[in-house]
Amino acid sequence: QVQLVESGGGLVQPGGSLRLSCAASGSIFSVDVMAWYRQAPGNQRELVARITRGGITSYVDAAKGRFTISRDNAKNTVYLQMNSLKPEDTAVYYCNGAILTVGSSYLQAFWGQGTQVTVSS
């Protein structure tokens, strides 16, 4: 079917940067909106940033000015550049894509397995 594979998480000091990547593969006809979510321990999963196929972006207030979402449509890949990281950014980050699979006539939501981001000194 369809797989979303994230990479780029890890441990970083406060003020540091990380770049997350998420590649979608499988029986894909087209990829519509792609997004990054995160979930910290004890918290609900929250939307961090999203990007349309045409490149229109939106961010949660906590990410504005620090995070940048981008995508490469030819590679079905979305990125999240995270700068000026804070301890409160610590969470598992999940990639999400609204995907039209081959042979289907409607979009389906697919999730990656998540990648841990830890911001600590």
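What you see is a predicted model, and the numbers here were worked out from it, not measured in a lab.

A. Region of interest: the pattern of salt bridges. Under the criterion given, the structure shown has four salt bridges. Of the charged contacts, one joins Arg38 and Asp89 as a salt bridge, the two residues approaching to 3.0 Å between their closest N and O atoms. With Arg38 in strand E4 (residues 28-39) and Asp89 in the loop between strand E8 (77-82) and strand E9 (91-101), this pair connects stretches of sequence that are 51 residues apart. The exposure class of Arg38 is buried, given its relative accessible area of 7%. Here Asp61 makes a salt bridge to Lys64, at a shortest N to O gap of 3.0 Å. Connected through shared salt-bridge partners, Arg38, Glu46, Arg66 and Asp89 make up one network.

B. Examining the sheet that holds E8 more closely. As summarised here, the arrangement of the four strands in space is E1-E3-E8-E7, forming an open sheet in which the pairing is antiparallel. Strands with a single pairing partner mark the edges of an open sheet, and in this sheet they are strand E1 (2-7) and strand E7 (67-72). Within the sheet, the average angular offset between the axes of one strand and its neighbour, ignoring direction, is 15°. Looking at chain direction, E1 and strand E3 (residues 18-26) are connected through six bridges and run antiparallel. Bridge pairing links Val2 to Gly26 in E3.

C. Summary view of the environment of Ser121. Among the secondary structure elements, Ser121 is positioned in the segment after strand E11 (115-119). Once the C-alpha coordinates of Ser121 and Gln108 are considered, the two residues, 13 residues apart in sequence, prove to be 39 Å apart.

Cut-offs applied
Residues numbered from 1 in each chain as written. Predicted model: local features only at pLDDT ≥ 70, side-chain atom pairs only at ≥ 80, totals over all residues. Heavy atoms only, no water. Salt bridge = Lys/Arg side-chain N within 4 Å of Asp/Glu carboxyl O. Helix = DSSP H or I, 4+ residues; strand = E, 2+ residues; numbered from the N terminus. Buried < 20%, exposed > 50% of the residue type's maximum accessible area, 1.4 Å probe, protein only. Pairing = 2+ DSSP bridges. Axes fitted to C-alpha atoms, helices over the stretch in contact; angles between N-to-C directions.

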